[in-house]
Amino acid sequence: MPTADLVLSGAKVRTLDPDRPYATSVAVRDGLIAAVGDDTDVRDWRGPGTEVVHLDGAHLVPGLVDAHSHPVWGLDMATGTDLSGVTDLAGLRAALADAERTDGWVTGFGLDHNAFGGRPVDRDLIEDVLHGTPALLRLYDGHSALATGPALTLAGVHGPRDFAQRSEVVCDASGRLTGHLVEHAAMDLVAAIAPRPSHAARRARLVELLSAMAATGLTGAHVMDAGDPELIGSVAQETVLPVRLRFAPWCMPGADRAALDELVAVQGRGGRHWRTGGVKFFMDGTVEGGTAWLEHADCHGQGTDAFWPDPDAYAAAVRHLHAAGVRTATHAIGDAAVRHVLDVVEGLGPGGRGAHRIEHIETVPDELLPRFARLGVAASMQPPHTAYTRADGTDEWSRRLGTGRAGRAWRLRDLRDAGAVVALGSDWPIAHYDARAVLATARTPRGAASTRAGLTGLEALEGCTTHAARAAGESATTGRITAGFRADLTALELDPVTAPADELPEAPVRLTVTGGHVVYRGK
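Keep in mind it's a predicted model, so treat the numbers as computed, not measured. (Residues numbered from 1 in each chain as written. Predicted model: local features only at pLDDT ≥ 70, side-chain atom pairs only at ≥ 80, totals over all residues. Heavy atoms only, no water.)

Attention now goes to empty space enclosed by the protein. Scanning all chains against the criterion turns up 4 cavities of 30 Å³ or more. Taken as a whole, the largest cavity spans an internal volume of roughly 230 Å³. As for the largest cavity, its lining consists of 24 residues, of which Asp 141, His 143, Thr 286, His 385 and Asp 427 are closest to the centre. Along the lines of polarity and charge, the residues of the lining of the largest cavity split into 10 nonpolar, 9 polar and 5 charged. In this structure, the second largest cavity spans a volume of roughly 120 Å³. (1 Å grid on protein atoms, 1.4 Å probe; cavity = no way out; pocket = protein on both sides within 12 Å on 5 of 7 lines; lining within 4 Å. Points joined across faces, edges and corners; volume = space filled by probe spheres on them. Nonpolar A, V, L, I, M, F, W, Y, C, P; charged D, E, K, R; others polar.)

Taken together, 6 strands build an open sheet; the order of strands is 9-10-11-12-14-13 and the sheet is mixed. Both edges of this open sheet fall to strand 9 (81-82) and strand 13 (168-171), since each of them pairs with a single strand only. Inspection of the sheet shows strand 9 paired to strand 10 (residues 106-111) by 2 bridges, in the parallel sense. Residue Thr 81 lies in a different strand from strand 10, and its bridge partner there is Gly 108. Most of the contacts of helix 6 (residues 184-191) go to strand 14 (residues 177-182), to which it runs at about 120 degrees, and overall it touches strand 11 (135-139), strand 12 (144-147), strand 13 and strand 14. (Pairing = 2+ DSSP bridges. Helix = DSSP H or I, 4+ residues; strand = E, 2+ residues; numbered from the N terminus. Contact = heavy atoms within 4.5 Å. Axes fitted to C-alpha atoms, helices over the stretch in contact; angles between N-to-C directions.)

Attention now goes to the pairing of strand 1 (residues 6-9). Along strand 1, one buried face is formed by Leu 6 and Leu 8 and the opposite face, lined by Val 7 and Ser 9, is buried too. Note: strand 1 against strand 6 (residues 51-54), 4 bridges, orientation parallel. Looking across to strand 6, one finds that Val 7 is bridged to Val 52. In terms of strand pairing, strand 1 meets strand 4 (residues 25-29) through 3 bridges, oriented antiparallel. Looking at strand 4, one finds that Val 7 is bridged to Ala 27. (Buried < 20%, exposed > 50% of the residue type's maximum accessible area, 1.4 Å probe, protein only.)

Okay, here's the thing in structure tokens:
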């Protein structure tokens, strides 16, 4: 009989396998689960080369997965001064006055729209404290930024631009550049010349980041961008990636048949603990930026346009990829965006079931909820985003939507009750990657969503395990602790199902195992 590489014993194992929901021991061989049961069931798997870890009553669950993250793209997004703690304009100005200069620039990230106190995002509010230094400050949503006049000049941006996607170089009523750059194409104009970490720095930060993610119990992430295959490949050849990465490169407006065929061709490429699987679309932007696609304009008169200027072109692209067997994930925050994606999937017929997903889903009316389950569309949602809103409705997200639509915030509970697959994530660097916080806020949503019931402890755990696996089309290989499945495992001191939600974010992580490799050991 072959022997195991790793045996975990003395645990309270919650397998999420209905045929054997609980166990105490697990044996691992060649990156897969070899046996699950009690000590008697795994005794014969022990050999002279087997590492045995006694978990002393820790709670072992399937490896936690972040169903929406950007660990590689985020290396460039989260650079410079961390502005996530800034709450008002005075705090922003103070942070910028003391900010470190890199190659003569100030860069920053994580800036909350609410810090402007309802004022339009405008470089005039900060330029005097920068004394002519070019600056690029990314707002927390990842879809907008503020650039100073010197930065715009260096980038050759002197007025509005036309884009193939819904992007904008914002000008005021007089035609003056405000510095507010909305959506990716506009931000890229300045980001392309702003300081960027070196390859060596990005590599070091990637390894550090993935290790830190594993320390929160994460064993996998659905990466909603193409990442950097060269960087990931080189790291994966030299060491074990502590977090398994599944990439979905972007398909942007204007993609022709050749571009779509290239997206088909890259499917399945990868290496140990990483591969390309799926394609990411954007059907809209963000509520705070005025680019969420809404059925009725927001309170600023914005939000009535799709990210794809021709929504039918999006539908054609999805059909092309679907016919080639490619799974899709579509960013859709507003009600009109969500409805359009559901309509497109419905048009694919029965073959579309289980192959497509929608990301974010921040506000939707009642009638859309049952369509997720009926069409087999997974809902990929990020509970920590609720913290950017306020229960009293004074935040930018709530003010833009108005009371009615803000009252339909992050309907996790309603979607589960309607029978939908609900996968959970953080959208790092938009919110912190800590898997324990994702579980906690799924149970007790914050801000505008705080008046709604959250998920149960079991449903939250499923969102980071079995439902994440279903959203990726991987239910036959991961998401449960059962023989033959990937040996991706997380051990916590507290039971993530029954422990109080407010205790979960600080729950000690005892062990993280990815592909049979122990990638984190707690104290």
